[in-house]
Amino acid sequence: MFKYKESETIELKTKFNDDVITKEIVAFLNSRGGVIYVGVTDYGEIVGVENIDESLRRLSDIVSTKIEQLPTELIKSNIIMEESKSIIEITISKGFHSLYCIKKYGFSQSGCPIRIGTCCKELSIEEIKLRYQKRFETSNDYMLEIPSGYGDISFNTLQIMLSNNGYHVNPFSFEENYHLRTKDGEYNQLAELLSDHNNTHLIFVKFRGTTKTSISERSNYGRTSLISSYKQIKDRLIAENICMTDTTVRPRKDTYLYDIDAVNEALINALVHNDWNINEPLISMYDDRLEILSHGGLPFKQTKEKFLRGISVPRNRGLMRIFQDLEITESTGHGTLKIIETYGEGVFEFSDSFINVVIPFNKEVLENRCTLNGTLNGTLPSELSEIESNIIGEILINPYLTQQKIADKLGIGKRTVIRYMSALQDKKIIVKDGSKRNGYWKVLK
């Protein structure tokens, strides 16, 4: 017989069932933690688990994809042997947040179980509402309380940037001043985000057309300090911002695909106010728009009305302070007002779990881009050859392409590409911005 019996903190399961294990884990997260033993009957008879590797893989999938908030650091698994049989021991710590749910049911009664005695019970609707609000009330501190899951922690990039901004970085007090360790002395989630190397993924994805049916490019700007990631994504958005220049008027008129200042403010808001315990922000580009999605909805005590009036309620105060010290942002709410001034309130999509900013592209520049692609009504612009038009089409898809890669895509020689691109630069149709190694191509009118 097994040495443990079911209790408020111990659950016995004969076999591994995904839905049942998910529910038990969430129930323990919403209470005070506990242990699940798989391979033991309710009566303590040891039957063991036959396919250990498969069960552990399914457990990993549950932890990473089926629970909200993400509980990665709170769940540990172990294999123990009893009577020559393998038992899976799943240890669940009490949740950092006040409320966790089964993702497919959301924050409903079906999705929010709690452990009471030896059973899982549904939380009442009133309790769910109270816990949900409390989740945001304490969210200003959650990044400081959650230990980092990444071992290699260093802050060279951040320290250099602070020094360049006139701050004296004291190596002995730096971590304490910016609250980069938990109360137990471990590096926290904020430290991991700001570290030179981490496991955070920041994805920029381009779709063909206006839906998600076809991806043309997917770039990851993460795995480095969030400050570096921000600058890289900003540079990419600048590179993607096609400029149409009218030289027939004085002074010349530049019209861009989108307002980069408003887009930059949306990007900063997404990074600073994101709930990083749910997922990373996502930047998506379609043929007609740009979308910047952050997770967590509005912070606690923030309302849609106050948000649209530019009243700032930061979710992550420690992260906000870093961005302020580096003069990337301020806490006045100016960024939201800049977006509204340029595009109106309708570009914001609100839900309980996310905020999505949808930036429409300038229609005049879009029409010009279609013409330059040489596909408008099956005809080419009269001033461009077919090769020139094809080169411009490749640049519009990916401004970072080298001349060799353009040659490979078009199936022509590199010298031919160099010759035609030189001609396009002479015609003031394209221009190279940035360094020879890290620069990008910009298409002009």
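Structure shown above.
This section reports on the structure supplied with the text. Predicted model, so just to flag it, every value in this text is computed and none were measured.

1. Structural notes on the environment of H273
Mapped onto the elements, H273 comes out in the loop between α9 (260-272) and β13 (282-285). For the pair H273 and V63, spaced 210 residues apart in sequence, the C-alpha to C-alpha distance is 24 Å. When neighbours within four sequence positions are excluded, H273 is seen to be in contact with H295, S312, V313, P314, R315, N316 and M320.

2. Some details on the side chain of N30
On the secondary structure map, N30 appears in the loop between α1 (18-29) and β2 (34-38). At 2.9 Å, the side chain of N30 and the backbone oxygen of P113 are in polar contact. In this structure N30 touches S98, L99, Y100, C112, P113, I114 and R131, once residues within four positions along its chain are discounted.

3. Structural notes on the pairing of strand β1 (residues 10-13)
Where burial is concerned, the two faces of β1 agree: the one with I10 and L12 and the one with E11 and K13 are both buried. In the sheet, β1 pairs with β2 via four bridges, with the strands oriented parallel. Looking at the pairing, I10 lines up with V35 of β2.

4. Some points on the environment of K212
Tracing the sequence through the fold places K212 in the loop between β9 (203-207) and β10 (215-220). Judged by relative accessible area, K212 falls into the exposed class, the value being 57%. Separated by 102 residues in sequence, K212 and P314 have C-alpha atoms that sit 31 Å apart. Dropping the residues within four chain positions of it, K212 is found in contact with F207 and Y286.

5. Side note on the environment of S93
Summarising the element assignment, S93 is placed in the loop between β5 (85-92) and β6 (101-102). For the pair S93 and G209, spaced 116 residues apart in sequence, the C-alpha to C-alpha distance is 45 Å. Not counting residues within four places of it along the chain, the set of residues in contact with S93 comprises L29, G33 and L74.

6. Let's talk about the packing of helix α15 (residues 403-410) against helix α16 (residues 414-426)
Remark: α15 packs on α16, axes separated minimally by 8 Å, with the N-to-C direction vectors making an angle of 110°. In terms of axis orientation, α15 runs roughly perpendicular to α16. Crossing geometry of α15 relative to α16 is assigned as right-handed. In contact with Q403, Q404, I406 and A407 of α15, α16 contributes K414, V417, I418 and M421. Partitioned by chemical class, the residues of the contact of α15 with α16 number five nonpolar, two polar and one charged.

The rules we used
- Residues take numbers from 1 onward in each chain, read along the sequence in its written order.
- Residues qualify for local features only when their pLDDT is at least 70, as the model is predicted, and side-chain atom pairs are given and counted only at 80 or more; totals for whole chains, interfaces and linings, by contrast, use all residues.
- Calculation of side-chain values draws on the structure's entire complement of heavy atoms; hydrogens and water are dropped beforehand.
- Elements are defined by DSSP. Helices are runs of H or I of four residues or more, strands are runs of E of two residues or more, and each kind is numbered from the N terminus.
- Any pair of residues with heavy atoms lying within 4.5 Å of one another is described as a contacting pair.
- Each polar contact in these results corresponds to two N or O atoms within 3.5 Å; when the atoms are within protein, one needs to be able to donate a hydrogen and the other to accept it, and residues that are neighboring in sequence are counted only if both atoms are side-chain atoms.
- The buried label applies to any residue whose accessible area, calculated with a 1.4 Å probe on protein chains only, is under 20% of its type's maximum; exposed applies above 50%, and partly exposed to all values in between.
- Pairing between strands is defined by DSSP: at least two bridges between the two strands are required.
- Each axis is a line fitted through C-alpha atoms, taken for helices only over the stretch in contact, and angles between the N-to-C directions span 0 to 180 degrees.
- In these notes the angle categories are as follows: under 35 degrees is roughly parallel, over 145 is roughly antiparallel, 65 to 115 is roughly perpendicular, and the rest is oblique.
- Left-handed is the label given to a crossing in which the near helix is rotated counterclockwise from the far helix by less than a right angle, and right-handed is the label when the rotation is clockwise.
- The residue classification treats Ala, Val, Leu, Ile, Met, Phe, Trp, Tyr, Cys and Pro as nonpolar and Asp, Glu, Lys and Arg as charged. All others, Gly included, are polar.

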